[in-house]
Amino acid sequence: TTAAFVVARSIVKPLSALRATAVRIGEGDLDARTEPSGPSELVHLGQTLNSMAAHIQQREQDLVFANAEMRERNRQLLETRVQAATDCLTSLPNHRSFHERIRETVSAAETSGATVSAIMLDIDHFKTVNDELGHLEGDKILRACGEILAAAAGAENVYRYGGDEFALILDKTDIERATAIAEELRTAIESRSNDLRGITISLGVAEFPATSQYAEELIYRADAAMYTAKSAGKNRSCRWDRMADVADAAPSRWSAPVN
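Residues numbered from 1 in each chain as written. Predicted model: local features only at pLDDT ≥ 70, side-chain atom pairs only at ≥ 80, totals over all residues. Heavy atoms only, no water.

*Asks:* Can you lay out the overall build of the chain for me, pointing to particular residues and giving the numbers?
*Replies:* When helices and strands are counted, the chain shows eight helices and five strands. Within the span of the chain, comprising 259 residues, buried residues form 40% of the whole. Nonlocal contacts in the chain, meaning residues at least 24 apart in sequence, comprise 65% of its contacts between residues at least 6 apart. Working note: accessible area of the chain is about 14800 Å², and carbon and sulfur atoms make up 54% of it. (Helix = DSSP H or I, 4+ residues; strand = E, 2+ residues; numbered from the N terminus. Buried < 20%, exposed > 50% of the residue type's maximum accessible area, 1.4 Å probe, protein only. Contact = heavy atoms within 4.5 Å. Areas by Shrake-Rupley, 256 points an atom, 1.4 Å probe, with all protein chains shown as cover.)

Here you go:
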């Protein structure tokens, strides 16, 4: 009887320790380990339990590391995409972003029946200022213009199109409202002209579907209207459907060249 009690005790105590360790592991405590004791079978079971816990713990650490690495790669990918879509000088969306969004916006408007207006604008006399004062001063002017335009019309609507040219996409906006916005932009720059080496801007406005049937035509017609404004004396806005009126006011061929 005494021998049976001793044998039972040598089994029950290690089994209780194994059970307690298994419960801790099951509750998420992967640092839990048992001290193998008792008969060889229980010692082996304890060693197996410890090995299993260590393996799970390592797998969890590997998973945490892999998730962190994946998050970092996703962050880098998003950062790369943002950089690819952003003009590094002005921090505005760039030429590529403009074309992607205007195609998407016009396509959506074809389905919904909404209007979309585009404004193309160019800095007057920028080449002269850039040549005389240098590119660093020219870059300051471009950044300042970008900030003024973004403050007046919303950074989400303004794009650095390239060189000294900017563009705006105005969703759900007809040509009347877009022309009013163009004038607001023109006067905003004009009011800061003394701080910006005397520069002004010329703007062209077109609308889908009233004056354009697809995205590329919308861009082309807003651009053509802008060059009409420049040819007519600069520091003014022109809408595609009233180009003839603006052209009639154009200066003579002896006037300063468009730039």
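Continuing now.
*Asks:* Talk me through the packing of aromatic side chains; I want residue IDs and the actual numbers.
*Replies:* Tallying each qualifying case throughout the model produces three aromatic pairs. When the centroid spacing of 5.5 Å and the interplanar angle of 70 degrees are considered together, the rings of Phe 98 and Tyr 159 count as edge-to-face. Placement of Phe 98 in helix 3 (residues 95-112) and of Tyr 159 in strand 2 (residues 158-162) is noted, with a sequence separation of 61 residues between them. For Tyr 159, a relative accessible area of 3% corresponds to the buried category. Taken together, the ring pairs in this structure connect Phe 98, Tyr 159 and Tyr 161 into an aromatic cluster. (Phe/Tyr/Trp six-rings, centres within 6.5 Å; stacked < 30°, edge-to-face > 60°.)

*Asks:* Break down the sheet that holds strand 5 (residues 237-239) for me, citing the residues and quoting the values.
*Replies:* Paired through their backbone hydrogen bonds, the strands of a sheet run either parallel or antiparallel. Taking strand neighbours across the sheet as the criterion, the five strands line up as 2-3-1-4-5 in an open arrangement whose pairing is mixed. The strands lining the two open edges of the sheet, one partner per strand, are strand 2 and strand 5. The average undirected angle you get between the axes of adjacent strands in this sheet is 25 degrees. The sheet contact formed by strand 2 and strand 3 (residues 165-171) spans four bridges and is antiparallel. Across the sheet, the residue bridging to Val 158 is Leu 168, located in strand 3. The strands touched by helix 6 (residues 175-191) are strand 1 (116-123), strand 3, strand 4 (201-208) and strand 5; relative to strand 4, the strand with the most contacts, the crossing angle is about 165 degrees. The sheet strands contacting helix 7 (residues 215-231) are strand 1, strand 2, strand 3, strand 4 and strand 5, and the helix crosses strand 4 at an angle near 150 degrees. (Pairing = 2+ DSSP bridges. Axes fitted to C-alpha atoms, helices over the stretch in contact; angles between N-to-C directions.)

*Asks:* I'd like a description of helix 4 (residues 126-133), backed by residues and values.
*Replies:* Among all positions of helix 4, only Phe 126, Val 129 and Asn 130 are buried. Down the axis of helix 4, the sector holding all buried residues measures 95 degrees, keeping them to one side. Exposed residues lying more than 90 degrees from the buried face of helix 4 are Lys 127, Asp 131 and Glu 132. Turning to helix 4, the residues buried within the fold contact strand 1 and helix 5 (135-153). Positive phi appears at Gly 134, one or two residues downstream of helix 4, with a value of about 100 degrees. (Arc of directions from axis to C-beta.)

*Asks:* Describe the packing of helix 4 against helix 5, with residues and values.
*Replies:* Packed helices, taken two at a time, are described by their axes: the angle between them and the distance between them. Look at helix 4 against helix 5: their axes get within 6 Å of each other, and the N-to-C directions meet at 140 degrees. One finds that helix 4 runs oblique with respect to helix 5. Contacts from Phe 126, Val 129, Asn 130 and Leu 133 of helix 4 reach helix 5 at His 135, Glu 137, Gly 138, Ile 141 and Leu 142. Class assignment for the residues of the contact of helix 4 with helix 5 results in five nonpolar, three polar and one charged. (Parallel < 35°, antiparallel > 145°, perpendicular 65-115°, else oblique. Nonpolar A, V, L, I, M, F, W, Y, C, P; charged D, E, K, R; others polar.)

*Asks:* How would you sum up the environment of Ile 56? Please name residues and give values.
*Replies:* Within the element layout of this structure, Ile 56 appears in helix 2 (residues 40-84). According to the relative accessible area criterion, Ile 56 is partly exposed, its value standing at 35%. Between the alpha carbons of Ile 56 and Leu 30 there is a distance of 7.4 Å; along the sequence they are 26 residues apart.

*Asks:* Tell me about the packing of helix 5 against helix 6, and name the residues and values.
*Replies:* Running from N to C, helix 5 and helix 6 cross one another at 140 degrees; their axes reach a closest spacing of 10 Å. One element, helix 5, and the other, helix 6, form an angle in the oblique class. In this structure, helix 5 meets helix 6 at a crossing whose hand is right-handed. Here Cys 145, Ile 148, Leu 149, Ala 152 and Ala 153 of helix 5 lie close against helix 6, whose contacting residues are Leu 185, Ala 188 and Ile 189. Residue composition of the contact of helix 5 with helix 6, by class: eight nonpolar, no polar and no charged. (Left-handed = near helix turned anticlockwise from the far one by under 90°.)

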